[in-house]
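Survey of secondary and tertiary structure
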Amino acid sequence: MIFSIQPTLENEQIALYPLLEEDFDDLYLVASDPKIWEQHPNKDRWKKEVFRNFFNGAMQSKGAFRIVDKTNGEIIGCTRYYDYNEEKNHILIGYTFYATSCWGKGINPMVKKLMLDYIFQFVSKVQFHVGSGNLRSQIAVSRLGAEKIGEEEIAYFGEPSKLNFIYEIAK
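Residues numbered from 1 in each chain as written. Predicted model: local features only at pLDDT ≥ 70, side-chain atom pairs only at ≥ 80, totals over all residues. Heavy atoms only, no water.

**Topic: the packing of aromatic side chains**
Counting across every chain of the model gives 17 aromatic pairs. Taking the centre distance of 6.1 Å and the plane angle of 5° together, the rings of Phe24 and Tyr28 count as stacked. Note that Phe24 and Tyr28 are positioned in helix H1 (residues 24-31) at a spacing of four residues, about one turn of the helix. The same class applies to Phe24 and to Tyr28, which are both buried. (Phe/Tyr/Trp six-rings, centres within 6.5 Å; stacked < 30°, edge-to-face > 60°. Helix = DSSP H or I, 4+ residues; strand = E, 2+ residues; numbered from the N terminus. Buried < 20%, exposed > 50% of the residue type's maximum accessible area, 1.4 Å probe, protein only.)

**Here's the deal with the side chain of Arg66**
By the secondary structure assignment, Arg66 is in strand E3 (residues 64-69). With a relative accessible area of 17%, Arg66 lands in the buried category. For Arg66, the side chain forms a polar contact with the side chain of Asp23, separated by 3.2 Å. If near-sequence neighbours (up to four positions away) are discounted, Arg66 is found in contact with Ala15, Leu16, Tyr17, Pro18, Leu19, Leu20, Asp23, Ile75 and Gly77. (Polar contact = N/O pair within 3.5 Å; in protein donor to acceptor, adjacent residues only side chain to side chain. Contact = heavy atoms within 4.5 Å.)

**Here's the deal with the pairing of strand E5 (residues 90-98)**
Of all nine residues that make up E5, eight are buried, and the element is covered over most of its length. Pairing geometry for strand E4 (residues 74-85) and E5, over six bridges, is antiparallel. Among the inter-strand pairings, Tyr81 is bridged to a residue of E5, identified as Ile93. Connecting E4 to the antiparallel partner E5 that follows it, the hairpin turn spans four residues, and Asn89 within it adopts a positive phi of roughly 55°. Note that E5 and strand E6 (residues 125-131) share three bridges and pair parallel. Across the sheet, residue His90 finds its bridge partner in E6, namely Lys125. The parallel pair E5 and E6, bridged by helix H3 (residues 107-119), forms a crossover whose chirality is right-handed. (Pairing = 2+ DSSP bridges. Right-handed = clockwise from strand over helix to strand, strands pointing away.)

**What to know about the environment of Val123**
Along the chain, Val123 turns up in the loop between H3 and E6. The class for Val123 is buried, based on a relative accessible area of 2%. Separated by 21 residues in the primary sequence, Val123 and Leu144 place their C-alpha atoms 17 Å from one another. With near-sequence residues (within four places) excluded, Val123 lies in contact with Tyr84, Asn89, His90, Ile91 and Lys171.

**Section: H1**
Turning to H1, its buried residues number three or more, namely Phe24, Leu27, Tyr28, Val30 and Ala31. Angularly, the buried residues of H1 cover 155° about the axis, an arc narrow enough to put them on a single face. Summarising the geometry of H1, the exposed residues directed more than 90 degrees from the buried face are Asp25 and Leu29. In this structure, the buried residues of H1 make contact with helix H2 (48-61), E4 and E5. (Arc of directions from axis to C-beta.)

Here it is as C-alpha cells:
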C-alpha cells in the first residue's frame, strides 16, 4: 500500500503540517533555546548554523512536520517520520523537539498518538532513536509503550555518530 509520510495530522489542540522552507525562522525561534538541547547528543543545535543543518535534513527527509498549537497558531516544535523500511515493515519517528513552554502539558503524547494512529495503518512497528544521555526522551518513549531493543552508534544528518538507544513499539 502506498502512503504519505508527510500528511496533515490534527486533533482539537494541535496540528502537524508538512514542514516548509519558509518555516525556518519561526521554528528556529523555538529551537534557539539551549535548554531544549541539554540532554540531546548534539547540544549545540540551538546555534543558528547548527540548526540550519538540522532543518536541511528535515526538508530532505520529506517526512518532517511543524507542530502548531491550534489555540494560537504558533509553531511549538518539530518531528518527523524517516527511514521507512518496506521489507521489515517499520518506520522511525524522531528528531522531535518542543518549546520548553509546552513541556509537561501532554503535547508529546498527543503528537505521538496522531503519528502512531496514522502510520500503524501501513506498518507493523515503529522505532525511535534516543540519545543515550537523553533521559527525558527515554522516559517519554517508554510512556508510549515502546521498549528498548538495542543500542547503536547513529549519525544524525550531517552530524557525528553518537550512542543511541533503539526503542520499538508494535501495532
